[in-house]
Protein chains: 4
Amino acid sequence: MQKSITEARRVFDVAPFIADLGCKLEQLESGICHASIELTEKHQQQDGFVHAGVQATLADHCAGTAAVTLIGDHQMVLTAEFKINLLRAAKGKRLVCKSSVLKPGRVLTVAESEVFAEDENKKQRLVAKATVTLAVMNKPQIEDQ
Amino acid sequence: MQKSITEARRVFDVAPFIADLGCKLEQLESGICHASIELTEKHQQQDGFVHAGVQATLADHCAGTAAVTLIGDHQMVLTAEFKINLLRAAKGKRLVCKSSVLKPGRVLTVAESEVFAEDENKKQRLVAKATVTLAVMNKPQIEDQ
Amino acid sequence: MQKSITEARRVFDVAPFIADLGCKLEQLESGICHASIELTEKHQQQDGFVHAGVQATLADHCAGTAAVTLIGDHQMVLTAEFKINLLRAAKGKRLVCKSSVLKPGRVLTVAESEVFAEDENKKQRLVAKATVTLAVMNKPQIEDQ
Amino acid sequence: MQKSITEARRVFDVAPFIADLGCKLEQLESGICHASIELTEKHQQQDGFVHAGVQATLADHCAGTAAVTLIGDHQMVLTAEFKINLLRAAKGKRLVCKSSVLKPGRVLTVAESEVFAEDENKKQRLVAKATVTLAVMNKPQIEDQ
């Protein structure tokens with residue numbers, strides 16, 4: 001397995017907030033990451049839909065992991081900014097995210113995430129789309145972008 | 001207390017994901033909402049910083065609550081989209097968010113959130129800024145924006 | 001020809017700023033709009049590249065025109081917000097934009113635009129990607145969103 | 001006058017698209033840039049309002065100029081991405097933009113722009129707000145971010 005893929009897997013799994021949210025890595029290859037969350041009541045906002053913050057977290061983390069598959073040793077990524085459109089009120093059994101790198105770069109990598117809500121029949125419906133800009137940096141320089 | 005302020009307080013407190021994250025409402029007035037999170041290990045990403053998803057969730061929910069203070073009875077808000085810039089790698093004791101409505105509207109309300117990381121000496125540093133677009137709608141029409 | 005397609009063509013062509021910029025409608029169908037600009041010196045920023053504002057204008061207008069193909073009579077769209085990532089410094093003979101509706105809605109429509117720089121050999125390179133949120137409204141209510 | 005202020009003035013004035021649009025530099029100091037456009041018919045979209053692309057161009061260029069006041073010799077900025085909320089349909093005599101740097105950085109600078117429409121009585125109304133992320137780079141490395 002490629003070193004950057006191994007590192008991407010580590011980055012995905014080692015983040016405490018991602019584990020706490022129940023995010024599960026589904027697929028990982030060069031420039032691509034898929035992940036999912038089994039939805040429970042804890043993921044909801046005030047009206048019973050999946051909280052935008054859950055969708056945003058999954059979209060951001062999955063995009064970052066896709067970016068990590070394309071960086072060098074001794075490098076890391078940090079989200080510089082992201083934008084997410086919540087297209088429909090989301091509910092269902094599972095949230096599935098499919099992220100891919102739109103443009104890798106030495107300094108900035110841009111990735112996109114599509115978030116789907118999956119019902120009990122495994123039917124998926126696009127509920128959110130995000131664009132994520134990631135700063136690529138050498139491992140010690142993380143304090144200040 | 002104004003009805004919309006009461007409703008905003010309810011919206012803030014009743015969301016399961018917000019309770020799970022440990023978000024606490026700090027201040028609420030017409031068009032303004034402040035909130036905070038006591039940071040623990042569970043809020044971290046892979047390198048020990050506060051996960052962008054935690055910052056985004058707080059920024060989005062706090063902005064939405066600010067928007068609710070300005071809507072009518074029988075109305076609700078749903079995030080249509082948001083964009084967040086992560087300005088610095090965030091760490092500290094507490095995350096504090098200050099949201100205010102930039103432009104209320106009949107159909108769309110735009111709010112801004114500033115997120116600060118607070119250290120053990122209560123010194124705050126701006127770590128993220130978000131712009132949140134909220135769809136204002138009557139309570140039954142939530143399926144489809 | 002469908003009425004909304006005719007209206008979309010009118011919207012594209014009648015905007016003075018779009019004519020001034022030299023934007024040309026290339027393709028129009030339900031939910032899709034392609035357009036282009038022959039690049040001249042006037043489209044440049046300070047270093048000889050295509051100004052981000054030119055790319056943004058084309059991305060926004062082309063997305064709005066794609067949205068108009070899907071609205072009803074007596075309706076119009078107004079851009080509520082957009083976000084654009086400039087992926088590479090852009091230069092070439094022509095700027096080509098391909099927009100499509102990601103999610104049509106009664107109140108909000110979300111469209112995406114991909115902007116390509118085309119060289120003298122007609123080779124296209126993706127230089128920008130935008131997500132555009134459009135407010136759909138009845139023709140008189142335009143003062144305030 | 002500080003060298004970076006001189007360079008910022010040059011960047012503002014030398015961009016052909018900015019001159020073509022009629023943008024005028026109003027104020028320039030460390031981290032701050034104000035600019036304006038006298039509105040004519042050419043700046044309009046299909047319904048007689050100021051085109052979102054005009055507002056976006058002014059917001060982006062003014063933010064970039066504010067960023068240039070804070071960079072070193074032999075450095076330049078290039079817009080990495082921006083997001084703009086169009087808060088109201090804009091019309092009037094003049095468009096005024098006030099940009100300031102939210103967070104300067106070695107690699108990325110984030111600036112904000114507020115765009116106002118000014119009527120014949122010089123009354124200003126906020127019509128748009130943008131957040132702009134700028135890549136700071138050494139002068140030769142501009143091909144690829």
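This text follows the structure it describes.
Residues numbered from 1 in each chain as written. Chains lettered and ligands numbered in written order. Predicted model: local features only at pLDDT ≥ 70, side-chain atom pairs only at ≥ 80, totals over all residues. Heavy atoms only, no water.

Engineer: Hey, could you run me through the interface of chain A and chain B in this one?
Structural biologist: Many analyses report the size of an interface as the accessible area lost when the parts associate. Listed per partner, the contact involves 44 residues of chain A and 44 residues of chain B. For the pair chain A and chain B, the two sides together bury roughly 3,500 Å², of which 57% comes from carbon and sulfur. Summed over the three residues of chain A that lose the most area to chain B, namely A:F17, A:Q46 and A:F82, the buried surface amounts to 18% of that side. Taken together, the links from chain A to chain B amount to 4 salt bridges. In this structure, A:K42 engages B:D20 in a salt bridge whose closest nitrogen and oxygen atoms are separated by 3.5 Å. The tally of links between chain A and chain B comes to 14 residue pairs in polar contact (both at pLDDT 80 or more). (Contact = heavy atoms within 4.5 Å. Buried area = accessible area lost by both parts, 1.4 Å probe. Salt bridge = Lys/Arg side-chain N within 4 Å of Asp/Glu carboxyl O. Polar contact = N/O pair within 3.5 Å; in protein donor to acceptor, adjacent residues only side chain to side chain.)

Engineer: Can you walk me through helix 3 (residues 52–68) of chain A in this structure?
Structural biologist: The end-to-end C-alpha separation of helix 3 of chain A is 24 Å, in line with the 24 Å expected for 17 residues at 1.5 Å each. With 17 of its 17 residues buried, helix 3 of chain A lies for the most part within the structure. (Helix = DSSP H or I, 4+ residues; strand = E, 2+ residues; numbered from the N terminus. Expected span 1.5 Å × (residues − 1). Buried < 20%, exposed > 50% of the residue type's maximum accessible area, 1.4 Å probe, protein only.)

Engineer: Hey, could you run me through the sheet that holds strand 4 (residues 94–103) of chain C in this one?
Structural biologist: Think of a sheet as strands paired side by side through backbone hydrogen bonds, with each pair either parallel or antiparallel. The 12 strands are arranged 1(C)-2(C)-4(C)-5(C)-6(C)-3(C)-3(D)-6(D)-5(D)-4(D)-2(D)-1(D) in an open sheet whose pairing can be described as antiparallel. With one partner strand each, in any of the chains shown, strand 1 (23–29) of chain C together with strand 1 (23–29) of chain D form the two edges of the open sheet. Each adjacent strand pair in this sheet contributes to an overall mean axis angle of 25 degrees, direction not counted. Against the sheet, helix 1 (residues 3–14) of chain C makes contact with strand 1 and strand 2 (32–38) of chain C, and its axis sits at roughly 170 degrees relative to strand 1 of chain C, the strand it touches most. Its contacts with the sheet put helix 1 (residues 3–14) of chain D on strand 1 and strand 2 (32–38) of chain D, and the angle it makes with strand 1 of chain D is roughly 170 degrees. (Pairing = 2+ DSSP bridges. Axes fitted to C-alpha atoms, helices over the stretch in contact; angles between N-to-C directions.)

Engineer: Sorry if this is basic, but what is going on with the sheet that holds strand 4 (residues 94–103) of chain B here?
Structural biologist: A sheet is described by the order of its strands in space; here 12 strands give the open sequence 1(A)-2(A)-4(A)-5(A)-6(A)-3(A)-3(B)-6(B)-5(B)-4(B)-2(B)-1(B), paired in antiparallel fashion. Single-partner strands in this sheet number two, and they are strand 1 (23–29) of chain A together with strand 1 (23–29) of chain B. Looking at each pair of strands side by side, their axes are set apart by 25 degrees on average, direction ignored. Pairing of strand 3 (residues 75–86) of chain A with strand 3 (residues 75–86) of chain B involves 5 bridges; the strand directions are antiparallel. The partner of A:I84 across the bridge, within strand 3 of chain B, is B:F82. Strand contacts of helix 1 (residues 3–14) of chain A: strand 1 and strand 2 (32–38) of chain A, with the helix running at about 170 degrees to strand 1 of chain A, the strand carrying the most contacts. Strand contacts of helix 3 (residues 52–68) of chain B: strand 3 of chain A together with strand 1, strand 2 (32–38), strand 3, strand 4, strand 5 (108–118) and strand 6 (124–138) of chain B, with the helix running at about 40 degrees to strand 4 of chain B, the strand carrying the most contacts.

Engineer: Would you mind going over the pattern of salt bridges with me for this structure?
Structural biologist: The full count for this structure, using the stated rule, is 42 salt bridges over all chains. When the shortest N-O distance is used, the salt bridge between A:K129 and A:E114 registers 3.7 Å. Residue A:K129 is found in strand 6 (residues 124–138), and its partner A:E114 is found in strand 5 (residues 108–118); the two are separated by 15 residues along the sequence. For A:K129, a relative accessible area of 8% gives the class buried. B:R94 is the salt-bridge partner of B:E118, the closest N and O atoms lying 3.0 Å from each other. A residue pair is termed long-range when its members are at least 10 positions apart, and B:E118 in strand 5 and B:R94 in strand 4 qualify at 24 residues. Neither residue differs from the other here; B:E118 and B:R94 are each classed as buried. Through salt bridges that share partners, A:E112, A:E114, A:K129, C:E112, C:E114 and C:K129 make up one connected network.

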